[in-house]
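Okay, here's what each chain looks like letter by letter:
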Amino acid sequence: MSTTNTFLNTPTKTPNSTSISKKHHKQHASDSGSEFKDRFEAYNRLQAAAVAFGEKLPIPEIVAIGGQSDGKSSLLEALLGFRFNVREVEMGTRRPLILQMVHDPTALEPRCRFQEEDSEEYGSPIVLASAIADTIKFRTESLLKRTRAAVSSKPIVMRAEYAHCPNLTIIDTPGFVLKAKKGEPERTPDEILSMVKSLASPPHRIILFLQQSSVEWCSSLWLDTIREIDPTFRRTVIVVSKFDNRLKEFTDRWEVDRYLSASGYLGENTHPFFVALPKDRGTISNDEFRRQISQVDAEMLRYLRDSVKGGFDEDKYRSYIGFGCLRDYLEAELQRRYKEAAPATLALLEQRCGEVTAEIARTECKIKATSDVAHLRKSAMLHTAALCNHVEALIDGAADPAPEQWGKTTEEERSESGIGGWPSVTVDIKPPNATLRLYGGAAFERVLHEFRCATYSIKCPPVSREKVANILLAHTGRGGGRGITEAAAEIARAAARSWLAPLLDTACDRLAYVLGNLFEISIEKNHGHDSNPLRQSYNHFIKDLSKECKQLLCHHLDSVTSPYSHVCYENNFIGSFSSGASSMYQFNQASTGPLCLELSDGGPALCKEVMKDQENIPPEKNAQETTPGKVTENREALRECQMTVPETPSPDQPSDGNYGIKRELVNCVEVGARKRHPRIAGNARNCGQNGEGLLFGNGDNISRPSSTYAEICSSAAQHFARIREVLVERSVASTLNSGFLTPCRERLPVALGLDLFAVNDEKFMDMFVAPGAIDTLENERQSLQKRQKILHSCLNEFKSVARAL
C-alpha cells in the first residue's frame, strides 16, 4: 500500500507493540464517537437506497477480490467476529455480497438482516449462523435460476450489528477461477473476471486484494488483473493470506525483510499486509473464535522475533503483520474517506433530490395530460411523424439499429412470414446475400432478385396432344396463315397466366412482410414507445399497398398474355426463334446487377449459376424449314404457287414422301402476310385404317422431332420464355418499387394521419389511452415519491454530518 498516497495513508513507523496498541486504541476511541457513528449510519442508509433504486453514487466502499480459496471467506468471518459457514455455501462465488458491519455495544449476539430484493427495507433479524448461510444460498440460486445465468452482478445486502465487529462496509466478490465447474458454462470464468473488474473499477472504491503466501509474486495469477484496474496500486490494499504457512521457511533476518518488502514486484511505496487466521473449522463459540484470531497474531510475532535469527525490522513492518492491524487500518481508512467524501456526497444528494423532484413533476404532467385531448393529439402526431421518418430512413439504407439483431436472412423471412417457398418452383432458390441479415431497402431488393431467380426457373409446362389439337383446329377454322404460330402462342399465354400469377402474388406478400417488419425497427429507434392503433394503421397501409400491387401486376400479366399483344411476334424474338437462341440472355444480363455481387461467405456467386440448366432451350432446327406434309429430302425451295398442304393440318402429320397431297392454291402453314381460306373438307387419305385422324398419330409419329406437335411445343416454350422476360424485365421491378417504396416515402404520413387523427375526440381517446396506462403512471409516481423521501432523509442526515465536521 502506497504511503505517499493522498487517499490511503498506510500506518508507518511504530517502535513496539505497546505503542501500536495505544495508537489503535486511541484512534478507535476517537472514531467511535457519535460523529463517526452518525456519518457511518448515513452512508449505510445511502448505500441501501442506492442498491434498491439502482442509483450510481460514489460512496466510499471496500471491494474484496482474489482467487478462489485465497481466504476471502475466512477474512470476512474474522471481520464480522463470528462464523456462519460461508465457505460451505460458496458465498460470493456467484453474487456479490455487501456486508454492512455496524459496531453496536449492546448487541452481545450478532443480529443480521438482509435487505429485501428491489427495496430499501430490511427483513427481520436472523440470529442462527446456519440460517444466514441458507439465506445467502437461497437468494443466489433463485436469482440465477430466474435470470438463467451462471453469475450475477446484482448484490445481496446484509447488515450485521454486533458488539465485536468494526464499523465497516465491504463488498465480497466472486473468486477468480481458471476453469468452470462441472455443469457450468465454459464462459463462467470470463464472466466472473468481467464482473469483478466492473465492481473494482470505480475510483471511489478501495480494492482489498488477497493472495496466498505460498504463491510467489512473480507467479501471481491475478496481480496483472489488479494492475489493469489500478496500475499504481494507489487505492489497493494487498493482503498476503495464510502467512503462517510461510513462516517456517525463514531462518535469517534478511530473508524475512526481503519477503516482507516485496519491493521488486510491488514497488518501494506499496506494503502488503500479512495475516493468518485459525485453521480449526470445528464448531466453536464466537468468543473462542475471536480468541483464536488474537492467538494466531501473537504466535506469528513471537516466531518472527524468537525463531528468526536477528528477528525482523519491526519499525518498518510491524504495522503490517497480523489481522488486528489490517482490521484497524481498513476501518480507519474507510472512516477517513467517509469524512473526505461527505461534502461531495452532500452536493450529489442535493442534485439527485432535485432530479427526482423534476421526474415527479414530469410524471404528474403525464397523468394530467391523459385527460387533455389536445396534448395527446400533439404527442401522438409527433410520435407518428418520427416513426414515418424512421421508416423512410430504413428504406433508403440504414445500419442502425444493428442489422445483426434486427435483420433477417432469406430463410428466416420465408419461415417467419408463413409464406414459405415460391409456388411451383422445385429448385432451391438462394439469391445472393441470402445468409446476411438485412432489413429495409436492402431486404426489399433481395426479395426482388429472389423473385427473378424463381421466375426464370419455371419451365413451360408440358401440353397434352388433345389441347394442342383443340387449339390448332380452332385456329384453322378461323382462317389465316399462322395456325401453328397462333396455337403455340395461345398455349404459352395460358401457361404464363397459370404459372406466373402465383409468383407475382407471392412476391407482393414477401415484400409486404419486409416492409411490415420496419414498424418494429422504427419503434426501437423511437425508444420503444409502441401504440396498438398506430401498429394497426401501419399494417393496414402495407396490406393496401400489397393489394394494389397485385392488381397492377395482374393487369401487366393480362396485357402481356393478351391475344392482341405483339410480345410473341416481335422481330427480335422471331430471329431468336429461328436461330434456336435461348431466351435466358436477358436474365443473364440482369444477373450482373448490383445484387449479383455475393457478399456472404459460402453463398452463390451468381444467380445464373443457381438457374443453370433450368431454362427452356428449344431443340435445334435445320437451317431450312420444311412444310409439314412435304418430303424432307434436300431440294430447291419451291415457289409459293407450287407449295401444297393437306386440307386439314394435323399435329402429327407424317413427313414421308409416300403421302399423296392435293395441289391447293393456299398454304395454311406458311407464315405470310396474305390471308388464306383453307378448305376443311374431309380427305379420306387423312384417315388411318382405324378411322382415326393423323392428328393423334399411330404411335410412330410421337417421337419424330419434325412433327407438328413437337414444333408447337417447342414454339410454345419459347413464346413462354419471351412473355416471362417482357413481364419481369419491363414491368415487375418498376411496378413493385413504385407500388411499395414510393408510397411509403410519400403517402405514409398522410395515410396514418387521416386514419388516426381525422376522428372525433371520443374515438381518439379510445384509441390512444391504453388500458392500465394511468395505473402505470400512478405506480411510477409513487415509486419516485418513495425514492424522494429516502434521498431527502439521507440529505438531512448528511447536512447534520457536515455541520458537525
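- Looking at an unreviewed UniProt entry, one finds the protein named Dynamin-related protein 5A-like isoform X2 and attributed to Nicotiana tabacum.

### So, the side chain of R205
Logical step 1: Within the element layout of this structure, R205 appears in strand 6 (residues 205–212).
Logical step 2: A distance of 2.6 Å separates polar atoms of two side chains, one belonging to R205 and the other to E61.
Logical step 3: Sequence-distant contacts of R205, that is, excluding residues within four places in its chain, are made with E61, V63, I171, L199, R235 and R337.

### Observations concerning the pairing of strand 1 (residues 61–66)
On any regular strand, side chains alternate: one points to one face of the sheet, the next to the other face.
Logical step 1: Across the six residues that make up strand 1, a large majority, six, are buried.
Logical step 2: Residue alternation in strand 1 divides its side chains into two sets, E61, V63 and I65 and I62, A64 and G66, and both sets are buried.
Logical step 3: Alignment of strand 1 against strand 6, held across six bridges, turns out to be parallel. Opposite I65, over in strand 6, you have F209 as the bridge partner.

### Observations regarding the pairing of strand 5 (residues 168–172)
Logical step 1: Judged by how many residues are buried, strand 5 sits mostly within the fold: five of five residues are covered.
Logical step 2: Residues L168, I170 and D172 of strand 5 are buried on one face, and the alternating residues T169 and I171, pointing to the opposite face, are buried as well.
Logical step 3: Both strand 1 and strand 5 contribute to a ladder of three bridges, which runs parallel. Bridge pairing links A64 to D172 in strand 5.

### Structural notes on the confidence of the model for the protein
Logical step 1: Mean pLDDT for the protein: 75, with 73% of residues reaching 70 or above.
Logical step 2: The low-confidence segment residues 1–32 (pLDDT under 50) makes 68 contacts with residues lying over four places distant or belonging to another chain.
Logical step 3: Predicted confidence is poor over residues 571–600, with pLDDT under 50, and the contacts of this stretch with residues over four places away or in other chains come to 69 contacts.

### Some thoughts on the packing of helix 16 (residues 440–456) against helix 18 (residues 483–525)
Logical step 1: Contact pair helix 16 / helix 18: the axes reach a minimum separation of 10 Å and the direction vectors enclose 165°. Judged on the interaxial angle alone, helix 18 and helix 16 are roughly antiparallel. Here the hand of the crossing between helix 16 and helix 18 comes out right-handed. Here helix 16 contributes G440, A443, F444, V447, L448, E450, F451, A454 and T455 to the contact with helix 18, which in turn contributes L500, L503, L504, A507, R510, L511, V514, L515 and L518.
Logical step 2: In terms of residue class, the contact of helix 16 with helix 18 is built from 14 nonpolar, two polar and two charged.

### As for unusual backbone geometry
Logical step 1: The omega angle of the peptide bond from D400 to P401 is 5°, so this bond is cis rather than trans.
Logical step 2: Assignment of secondary structure puts P401 in the loop between helix 13 (373–396) and helix 14 (403–406).
Logical step 3: Even without a glycine there, the phi angle at F233 is positive, about 55°.
Logical step 4: Position of F233 among the secondary structure elements: in the loop between helix 6 (223–229) and strand 7 (236–241).

### Things to note about the packing of aromatic side chains
Logical step 1: In this structure the tally under the stated criterion is eleven aromatic pairs.
Logical step 2: With a centroid separation of 5.1 Å and 50° between ring planes, the pair formed by F243 and F274 is classed as tilted. Highlighted residues: F243 in the loop between strand 7 and helix 7 (244–247) and F274 in strand 8 (residues 273–274), separated in sequence by 31 residues.
Logical step 3: Residue classification places F243 among the buried residues on the basis of a relative accessible area of 0%.
Logical step 4: Judged by relative accessible area, which is 1%, F274 ranks as buried.
Logical step 5: Measuring from centroid to centroid gives 5.3 Å for F273 and Y320, while their planes differ by 70°, and the two rings are edge-to-face.

What counts and what doesn't
- Residues numbered from 1 in each chain as written.
- Predicted model: local features only at pLDDT ≥ 70, side-chain atom pairs only at ≥ 80, totals over all residues.
- Heavy atoms only, no water.
- Helix = DSSP H or I, 4+ residues; strand = E, 2+ residues; numbered from the N terminus.
- Polar contact = N/O pair within 3.5 Å; in protein donor to acceptor, adjacent residues only side chain to side chain.
- Contact = heavy atoms within 4.5 Å.
- Buried < 20%, exposed > 50% of the residue type's maximum accessible area, 1.4 Å probe, protein only.
- Pairing = 2+ DSSP bridges.
- pLDDT = per-residue confidence, 0-100.
- Axes fitted to C-alpha atoms, helices over the stretch in contact; angles between N-to-C directions.
- Parallel < 35°, antiparallel > 145°, perpendicular 65-115°, else oblique.
- Left-handed = near helix turned anticlockwise from the far one by under 90°.
- Nonpolar A, V, L, I, M, F, W, Y, C, P; charged D, E, K, R; others polar.
- Phe/Tyr/Trp six-rings, centres within 6.5 Å; stacked < 30°, edge-to-face > 60°.

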